[in-house]
Structure formats: C-alpha cells, structure tokens
Amino acid sequence: MARPADQKPAIAAKFLSSGDGAIVVEFGDEIDRAISEGVLGLSARIRHGDMAGIIETVPTFRSLMIHYDPLRTSAGALIEAVKALLSGAALFEGERRLWHVPVCYEGEFAPDLAEVAERTRLAPAEVVKLHAASRYHVYMIGFLPGFPYLGDLPKPLVLPRRVDPRVRVPPGAVAIAMGMTAIYPIESPGGWHLIGTTPIRLFDALASPPSLFAPGDAVQFEPVGRDAFTALQAAIQRGEYRIREERLTA
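Because the structure is a prediction, the values reported are computed rather than measured. (Residues numbered from 1 in each chain as written. Predicted model: local features only at pLDDT ≥ 70, side-chain atom pairs only at ≥ 80, totals over all residues. Heavy atoms only, no water.)

A.B. asks: Sorry, what's going on with the overall build of the chain here?
C.D. replies: From N to C terminus, the chain includes five helices and 14 strands. Oriented by its inertia axes, the alpha-carbon framework of the chain measures out at about 60 × 40 × 35 Å. When each of the 250 residues of the chain is scored for burial, the buried share is 46%. Look at the contacts in the chain between residues 6 or more apart in sequence, and 65% of them connect residues 24 or more apart. Element-wise, carbon and sulfur atoms account for 54% of the exposed surface of the chain, whose accessible area totals about 13100 Å². Seen as two clouds, the 26 positive and the 29 negative side-chain charges of the chain have centres 2 Å apart. (Helix = DSSP H or I, 4+ residues; strand = E, 2+ residues; numbered from the N terminus. Buried < 20%, exposed > 50% of the residue type's maximum accessible area, 1.4 Å probe, protein only. Contact = heavy atoms within 4.5 Å. Areas by Shrake-Rupley, 256 points an atom, 1.4 Å probe, with all protein chains shown as cover. Lys, Arg positive; Asp, Glu negative; His and termini not counted. Charge placed at Lys NZ, Arg CZ, Asp CG, Glu CD.)

See the structure below:
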C-alpha cells in the first residue's frame, strides 16, 4: 500500500532495556549530525508530550535513554508509545542557543598548542584560527557534570588522545581530541590536548538548569588576550559578567 504523500517514514530505531526503570533507543552506530538531530527530536517530543511515567530523557551521540517510573508504566507500553512518536518524526525543531565563549589561546592557558601545531603541521596561529572559526554542535553532556562534547572539529585539527593523560586538568580548559572539542567544567584527569582556557563557568549545582549548555545548542569560541581573560575572570568572580548568547530556531 502506498504511503500518503504527507506522511513521513518512521525513523529506524533499536530498543534496549536498561534495568527496570529505563529503556535505550538507539538510532545508529556512529557520531553523525543527522543521528543527533533524531535523538534530540525524540527527546523534545517526549519531554513536551503527555506520556505517563516519564522521569527524564538523556540524549547521547547516537541514542536516547528514557528513565521511567515502573509503578506508572512499563517498558513494553513505553516502547509502543515511542514507536508512535518515531512514525513520521522530524528533526529537532525546539529552541536552541548559540553561546559565544571567550578563550585565551596564549602561553600557560594553552599548554599543548605548540605540540598540536607541530603534529598538524600548522602554525599555532593557524590552529587557533581554525578552532575559533567553526560553530560547534553540542552533541551531548557527559563524562563530568556539564562537560560538553562539541563537534565537529575541522579535519586538519583531528588528533588521537594524548598517550600520557594528565592527572589534573584545570576547570575551563578547552581541549581537542579525535573529531571533538570540549571544555572541562571542573578539575579532573584528562587525555585531551589543551589548546586554550575560558573563564566561563559551565556547571553550577545550585542553578536551574545546572549545566550552561544543553544538547542541540551551538558554541562559538572567541579568542581573547591575557589582559582580557584576567578582566573577564575578575568580572565573573564579582558576578558582573554574563556570557553572550543568542536564541536560535534552526
């Protein structure tokens, strides 16, 4: 039977059980913007819909984990409801934000910049220019509270992780590895290449929401010098600075 012209095909997905209070909906097996849009679209429809028993949705690169209350619904009922949402589901059309993030790419703020430049056969200034010229997609938040996985990194900057991970990476460190860039929200171990630092705070447990970025947002890095970085850092500590953002609809 032919499908009506105004009906879109169902999105292919795989359903997996995750304990007695969650299911996982897999959309693919790679990091891809189209897959990410499908994940985010389903997450938005569930959050804005009227599905009984839903507690939380957690988007990842290629899947969506849906936490539910087993006293109010079941995995089987939830899967059937999600299948109905996937039938004809479009890409994510919800509200997004573009965040303008100041970054100092100089001296001690960029301990791996020289090595990255050498390994990519670029001048340090070219590395900075390439990194700051791209607008990055927030694929997911993970690893650490508020840690954003940002893609897609320009191909000339794609490198494997460091062979000697650091025991301590300071908060605000801007890093690259493989096809991603990221910002460390708190001090932690890390194996990515550190090419800059931002004074912006990405996570505040007392804020609502606690994470500054959300999956589906966009990030643009903006180079600043040492003096500007120090001034921004002081303004943030005084509570007198607010990161520049724009509301996006596409």
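A.B. asks: Whenever I open this one, the packing of helix 3 (residues 113-120) against helix 4 (residues 124-133) confuses me. Can you help?
C.D. replies: A packed helix pair is summarised by two numbers, namely the angle formed by the two axes and the spacing between the axes. At a minimum axis separation of 8 Å, helix 3 and helix 4 run at an interaxial angle of 95°. On the basis of the axis angle, helix 3 is roughly perpendicular to helix 4. Taking contact as the criterion, the partners of L113, V116, A117 and T120 in helix 3 are, on helix 4, P124, V127 and V128. Class assignment for the residues of the contact of helix 3 with helix 4 results in six nonpolar, one polar and no charged. (Axes fitted to C-alpha atoms, helices over the stretch in contact; angles between N-to-C directions. Parallel < 35°, antiparallel > 145°, perpendicular 65-115°, else oblique. Nonpolar A, V, L, I, M, F, W, Y, C, P; charged D, E, K, R; others polar.)

A.B. asks: Could you clarify how one ought to interpret the pairing of strand 2 (residues 22-26) in this entry?
C.D. replies: Two faces, one strand: in a regular strand the side chains alternate between the faces of the sheet. Most of strand 2 is tucked away, with five of its five residues classed as buried. On strand 2, burial covers both faces: A22, V24 and E26 on one face and I23 and V25 on the other are all buried. Alignment of strand 1 (residues 14-17) against strand 2, held across four bridges, turns out to be antiparallel. Its bridge partner being in strand 2, F15 is matched across the sheet by V25. Between strand 1 and strand 2, which pair antiparallel and follow one another directly, the connecting turn spans four residues, one of which, G19, has a positive phi of 75°. In this structure, strand 2 lies alongside strand 4 (residues 63-68), joined through five bridges in antiparallel fashion. Residue pairing for strand 4: V25 is matched across the bridge by L64. (Pairing = 2+ DSSP bridges.)

A.B. asks: Please explain helix 1 (residues 33-48) as it appears in this structure.
C.D. replies: The terminal C-alpha atoms of helix 1 lie 22 Å apart, and with 16 residues this matches the ideal 22 Å at 1.5 Å per residue to within 8%. Residues of helix 1 that are buried include every one of I35, S36, E37, G38, V39, L40, G41, L42, S43, A44 and I46, and no others. Here the buried face of helix 1 lies against strand 2, strand 3 (54-59), strand 4, helix 2 (75-86), strand 5 (96-103) and strand 6 (135-141). With a side-chain oxygen lying 2.9 Å from the backbone nitrogen of A34, the N-terminal cap of helix 1 falls on D32. (Expected span 1.5 Å × (residues − 1). Polar contact = N/O pair within 3.5 Å; in protein donor to acceptor, adjacent residues only side chain to side chain.)

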